[in-house]
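# Architecture at a glance
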Amino acid sequence: MASRLDRSPVALWWWTVDRWFLAAFLSLMGLGIVLSFAASPAVAERIGLDGFHFATRQIIFTIPALAVMIAVSFLETRQIRRMALVMLCIMLVMMVAVLFIGVEVKGARRWLSLAGVSIQPSEFLKPAFVVICAWLFAEHDRQPDIPGNLFAMILLGLVVALLVAQPDLGQTMLVLGTWGVMFFMAGMSWFWIIALGVVGATGLFAAYTIFPHVAGRIDRFLTGEGDTFQVDMGRDAIINGGWFGVGPGEGTVKRVIPDSHADFVFSVAGEEFGIILCLIIMAIFAFIVLRGLRTALREHDDFTRYAVAGLVVVFGFQSVINMGVNLQLMPAKGMTLPFISYGGSSLIAIAISMGMVLSLTRKKPEKLRPGGFSAMPRHAVPAE
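Residues numbered from 1 in each chain as written. Predicted model: local features only at pLDDT ≥ 70, side-chain atom pairs only at ≥ 80, totals over all residues. Heavy atoms only, no water.

### With respect to the layout of surface pockets
Note the following rule: Computed over the protein atoms alone on a 1 Å grid, cavities are sets of points where a 1.4 Å probe fits but cannot get out and pockets are open sets with protein on both sides within 12 Å along at least five of seven lines; a residue lines them when it has an atom within 4 Å of a point. Grid points are joined across faces, edges and corners, and a volume is the space filled by probe spheres set on the points. We count a stretch as a helix when DSSP gives it H or I for four or more residues in a row; a strand needs E for two or more, and each element gets its number in order from the N terminus. By the convention adopted, Pro, Cys, Tyr, Trp, Phe, Met, Ile, Leu, Val and Ala count as nonpolar, Lys, Arg, Asp and Glu as charged, and the other residues, Gly among them, as polar.
Taken as a whole, the second largest pocket encloses approximately 960 Å³ of empty space. In this structure, the second largest pocket is lined by 41 residues; those nearest its centre are Leu169, Thr172, Met173, Leu176 and Leu204. Where the lining of the second largest pocket is concerned, the elements lending two or more residues are helix H6 (148-165), helix H7 (169-185), helix H8 (190-210) and helix H9 (212-223). Across the lining of the second largest pocket, the residue classes break down as 28 nonpolar, nine polar and four charged.

Dropping the structure here:
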């Protein structure tokens, strides 16, 4: 363990990083690998691959994801903003490219194949979008003459338009909800609260009217009629598992659900390891979100407050949607469970996002002395 007197970058990082956050993220990554071994062999064998194909790839994806998360957590606040701006510009270009040269899956274009590697730009767009909107809101608070809120609205409109064009309405609702929370924290008036509520309701009605697959999913959820096989099996698997599960490798849902290693890995966890593990997973996600919001509310710097809150909220919303679908509490939606579901693009994008959280929540040492570090808000400047 590094000494408190050590002024090396690694030592400074160790004594200033939020180790509760770090432990929670590592726990989810570890659970992702364990559950990949439980859920993916049946899927791999069903499509003619080696039984541990997806589990091995999950480990391969986890290694660079962990490295990226730690590397991003070393960055300073200004570097996080610059990184987010560059990433946002690149992902917006890629989002446009997806519409023309993207890989079409089930009628939607959401993936780009680059040098044999599939990338989902919308996953990387989310953390960059959150950080840049946080910066725009903060600049408006600092100098009301700067139209930061207006620029944030324009950016939201652009991102939503690109997501709807794919179409990816799940990510659209995720982005809209997160942006609304950040705008609320930035002190929006009741006029904007009502206006956004009207826009959201109108958008949901329009999606139901325009997109048949959205109408179908909502109708199936409300009536229980039609093809509800996956969500029914997912819910039944958790019920069958009981409190302690049927045992590792003994589950049946993974043998029949096509996405048991991805969107329905939570159901596999419930069936094989029991409701106890499901509650532990839910508790870890809740801990991350609540600790993030608590840290954000105590932060004096507006940018850090909005960015941290936005990043943990989008993380929390995504986990709630995935678990809600598995429990048949929400209409089916292809949304991964952060750090746990199989998928390299999603895993690395979430690692970047949580690396930003680790960076922005690091304590800034006022000085190094024999008694150890004393912390102060990140916006404060040490005395010369």
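### Thoughts on the sheet that holds strand S1 (residues 103-105)
What counts, and what does not: Only strands joined by at least two bridges in the DSSP assignment are considered to pair. What counts as an axis is a line fitted to C-alpha atoms, over the stretch in contact for a helix, and the angles between N-to-C directions run from 0 to 180 degrees.
One open sheet accounts for three strands, arranged S1-S2-S3; its pairing is antiparallel. At either end of the open sheet lies a strand with only one pairing partner, and these are S1 and strand S3 (117-119). Across the sheet, the axes of successive neighbouring strands diverge by a mean angle of 40°, strand direction being ignored. Examined bridge by bridge, S1 and strand S2 (residues 108-114) share three bridges and lie antiparallel to one another. Across the sheet, the residue bridging to glutamate 104 is arginine 109, located in S2.

### Some points on the UniProt feature "transmembrane region" (unreviewed entry) in the chain
Rules: UniProt positions are given in the numbering used here, feature names are shortened, and annotations may be inferred rather than shown by experiment.
As annotated in UniProt, the feature "transmembrane region" (unreviewed entry) corresponds to residues 20-39, 59-77, 83-102, 150-169, 190-211, 273-293, 305-327 and 339-360 in the numbering used here. Secondary structure over residues 20-39 splits into 100% helix and 0% strand, and the C-alpha atoms at its two ends are 28 Å apart. With 85% helix and 0% strand, residues 150-169 has its two end C-alpha atoms placed 23 Å apart.

### Structural notes on the confidence of the model for the chain
Where we set the bar: pLDDT measures how confident the predictor is about each residue, on a scale from 0 to 100. By definition in these notes, contact holds between two residues if any of their heavy atoms fall within 4.5 Å.
With 89% of its residues at a pLDDT of 70 or more, the chain shows a mean pLDDT of 84. No element of the chain has a lower mean pLDDT than strand S5 (residues 372-376), at 44, and none a higher one than helix H12 (residues 275-298), at 95. Across residues 367-384, where pLDDT falls below 50, the model places 38 contacts with residues more than four positions away in sequence or in other chains.

### Quick look at unusual backbone geometry
To keep it simple, the criterion reads: Only protein chains enter the calculation, and the probe is 1.4 Å; a residue is then buried if its accessible area is under 20% of its type maximum, exposed if over 50%, and partly exposed in between.
Cis geometry marks the peptide bond from glutamine 166 to proline 167, where omega comes out at -15°. Within the element layout of this structure, proline 167 appears in the loop between H6 and H7. Even without glycine at this site, glutamine 328 takes up a positive phi of about 60°. Assessed through its relative accessible area of 23%, glutamine 328 is described here as partly exposed. Positive phi outside glycine occurs at phenylalanine 339, with the angle close to 70°. When you line up the elements, phenylalanine 339 lands in the loop between helix H13 (302-326) and helix H14 (344-360). Note on phenylalanine 339: relative accessible area 2%, which makes it buried.

### Comments concerning helix H11 (residues 265-273)
Among the nine residues of H11, eight are classified as buried, and the element is accordingly described as predominantly covered. By the burial criterion, the buried members of H11 are Val265, Phe266, Ser267, Val268, Ala269, Gly270, Glu271 and Glu272. Positive backbone phi, at 95°, marks glycine 274, one or two positions downstream of H11.

### Digging into the environment of phenylalanine 21
Structurally, the position occupied by phenylalanine 21 is in helix H2 (residues 19-46). By relative accessible area, which is 0% here, phenylalanine 21 ends up buried. Separated by 270 residues in the primary sequence, phenylalanine 21 and arginine 291 have C-alpha atoms spaced 8.1 Å apart.

### Some words on the packing of aromatic side chains
Formally: Pairing of aromatic rings covers Phe, Tyr and Trp, the last counted by its six-membered ring, and requires centre-to-centre distances within 6.5 Å; plane angles under 30 degrees mean stacked, over 60 mean edge-to-face, and any other angle means tilted. Only Lys NZ and Arg CZ are tested; either one counts as a charge over a ring when it is within 6 Å of the ring centre and within 35 degrees of the ring normal.
Applying the stated rule across the entire model yields 14 aromatic pairs. Measuring from centroid to centroid gives 5.0 Å for phenylalanine 54 and tyrosine 342, while their planes differ by 75°, and the two rings are edge-to-face. Residue phenylalanine 54 is found in helix H3 (residues 53-73), and its partner tyrosine 342 is found in the loop between H13 and H14; the two are separated by 288 residues along the sequence. Among the aromatic side chains, those forming a connected cluster through ring pairs are Phe21, Phe25, Phe285, Phe315 and Phe339. Cation over ring: arginine 19 sits above tryptophan 14, and NZ or CZ is 4.8 Å from the ring centre. Against the face of phenylalanine 21 rests arginine 291, its NZ or CZ located 6.0 Å from the ring centre.

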